[in-house]
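These are the residues of each chain, in order.
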Amino acid sequence: MNVPSLFPFMFLRTPSWRPWILRKQQFSLLRVPLLQAAGKKNSFNLIGLTEAELKETFVRGDGPGGQATNKTNNCVVLKHIPSGIVVKCHQTRSVEQNRKIAREILQEKVDLFYKGEDSDVFKEKKASEKKKQEKKRRAKENLERKKHFKEMQQLDKT
């Protein structure tokens, strides 16, 4: 963890600083996995969106966060007017980051809507599902081998 070089003794004495620093690090680190969970990839041939096709509104977010969430309008609701697809993004406290993330997610959803099974997003999700199923199958086979091995050891002992 990075300790502020200025007044390091205060950091060690006051535990109230630690949650703020950890929270700040979590926002910078957690954003990448959330984008990847949305299927974000740099090599996609996605359909482009123009600002004229989008309707953007800012609303209050929901979920944990207390007063910080209840009093600020940093949740972005983005609607693609031609297709009617709506995306709501409240992954960070920053409105600008939420706008960017919402546009990326909406672009993927619009691409999937128009291209269907030919979409790169669809192909990537299918490939990841297939990998997951293969991993699950291998784990099951390993478990069966272990059970068989234990049974053989029990037979050898008797």
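Draft legend 1. Inspection of the overall build of the chain at higher detail. Assigned secondary structure in the chain consists of five helices and three strands. For the chain, the α and β elements follow one another from N to C terminus as α-α-β-α-β-β-α-α. Buried residues in the chain amount to 20% of all 158 residues. A fraction of 48% describes how many contacts in the chain between residues 6 or more apart in sequence connect residues 24 or more apart. Accessible area for the chain stands at about 12,200 Å²; split by element, carbon and sulfur atoms hold 56% of it.

Draft legend 2. Highlighting the nonpolar core. Counting eleven residues, the largest nonpolar core consists of Leu54, Val76, Leu78, Ile85, Val87, Cys89, Ile101, Ala102, Ile105, Leu106 and Val110. Listed by contribution, the elements that provide at least two residues to this core are β2 (75-80), β3 (85-89) and α4 (95-115). Sort the elements by how many residues they give to this core and α4 lands first, with five residues.

Draft legend 3. Spotlight on the sheet that holds strand β1 (residues 54-59). Reading across from one edge, β1-β2-β3 is the order of the three strands in this open sheet, with antiparallel pairing throughout. Bordering the open sheet on either side are β1 and β3, each of which pairs with just one other strand. Taking each pair of neighbouring strands and ignoring which way they run, the sheet shows an average axis angle of 15 degrees. Bridge count between β2 and β3: five bridges; the pairing is antiparallel. Paired with Lys79 across the bridge in β3 is Val86. The strands touched by α4 are β1, β2 and β3; relative to β3, the strand with the most contacts, the crossing angle is about 150 degrees.

Draft legend 4. Broad picture of the pattern of salt bridges. As enumerated under the stated definition, the model contains nine salt bridges in all. Notably, a salt bridge pairs Asp111 with Lys115, separated by 3.3 Å at the nearest N-O pair. One end of the pair, Asp111, and the other, Lys115, are both in helix α4, four residues apart, so they sit about a helical turn from each other. Taking the relative accessible area as the measure of exposure, Lys115 reaches 31% and is therefore partly exposed.

Draft legend 5. Representation of helix α5 (residues 120-157) in the model. With 38 residues, α5 extends 56 Å from end C-alpha to end C-alpha; this agrees with the ideal 56 Å at 1.5 Å per step. Where α5 begins, the capping side chain belongs to Ser119, and its oxygen is found 3.2 Å from the backbone nitrogen of Val121.

Draft legend 6. Structural detail: the confidence of the model for the chain. Looking at the chain, pLDDT values average 77 and 72% of them are 70 or higher. In the model, residues 6-40 has pLDDT below 50 throughout and makes 34 contacts with residues more than four positions away in sequence or in other chains.

Draft legend 7. Examining the packing of aromatic side chains more closely. Per the stated rule, a full pass over the model turns up one aromatic pair. A centroid spacing of 5.2 Å and a plane angle of 75 degrees characterise the contact between Phe113 and Tyr114, whose relative ring orientation is edge-to-face.

What counts, and where the lines are drawn
Every residue gets a number counted from 1 within its own chain, in the order that chain's sequence is written. Local features are withheld for residues below a pLDDT of 70 in this predicted model, meaning they are given only at 70 or higher, and side-chain atom pairs are given and counted only at 80 or more; totals for whole chains, interfaces and linings count all residues. Side-chain measures here rest on the full set of heavy atoms in the structure, leaving out hydrogens and waters. Under the scheme used here, helices are H or I runs from DSSP no shorter than 4 residues and strands are E runs no shorter than 2 residues, and both carry numbers assigned from the N terminus. Partly exposed describes any residue whose relative accessible area lies between the buried limit of under 20% and the exposed limit of over 50%, with all areas from a 1.4 Å probe on protein chains only and scaled to the type maximum. By definition, residues are in contact when any of their heavy atoms lie within 4.5 Å. For the accessible areas, the method is Shrake-Rupley and the probe is 1.4 Å, while residue cover comes only from the protein chains on display. Throughout this description, the term nonpolar core refers to a set of buried Ala, Val, Leu, Ile, Met, Phe, Trp, Tyr and Cys residues connected via side-chain atoms within 4.5 Å. At least two DSSP bridges between two strands are required for those strands to pair. For helices, the fitted line uses only the C-alpha atoms of the stretch in contact; every axis is such a line through C-alpha atoms, and the angle between N-to-C directions lies from 0 to 180 degrees. Take a side-chain nitrogen of Lys or Arg and a carboxyl oxygen of Asp or Glu: if they are within 4 Å of each other, that pair is a salt bridge. Helices are assigned an expected span. That span is 1.5 Å times one less than the residue count. For this analysis, a polar contact is any N or O atom pair within 3.5 Å, provided that within protein one partner can donate a hydrogen and the other can accept it, and provided that sequence-adjacent residues contribute only side-chain to side-chain pairs. What pLDDT expresses is the predictor's confidence in each residue, scored from 0 to 100. Classification of ring pairs rests on two measures: the distance between centres of Phe, Tyr or Trp rings, Trp counted by its six-membered ring, which must be within 6.5 Å, and the angle between planes, read as stacked under 30 degrees, edge-to-face over 60 and tilted in between.

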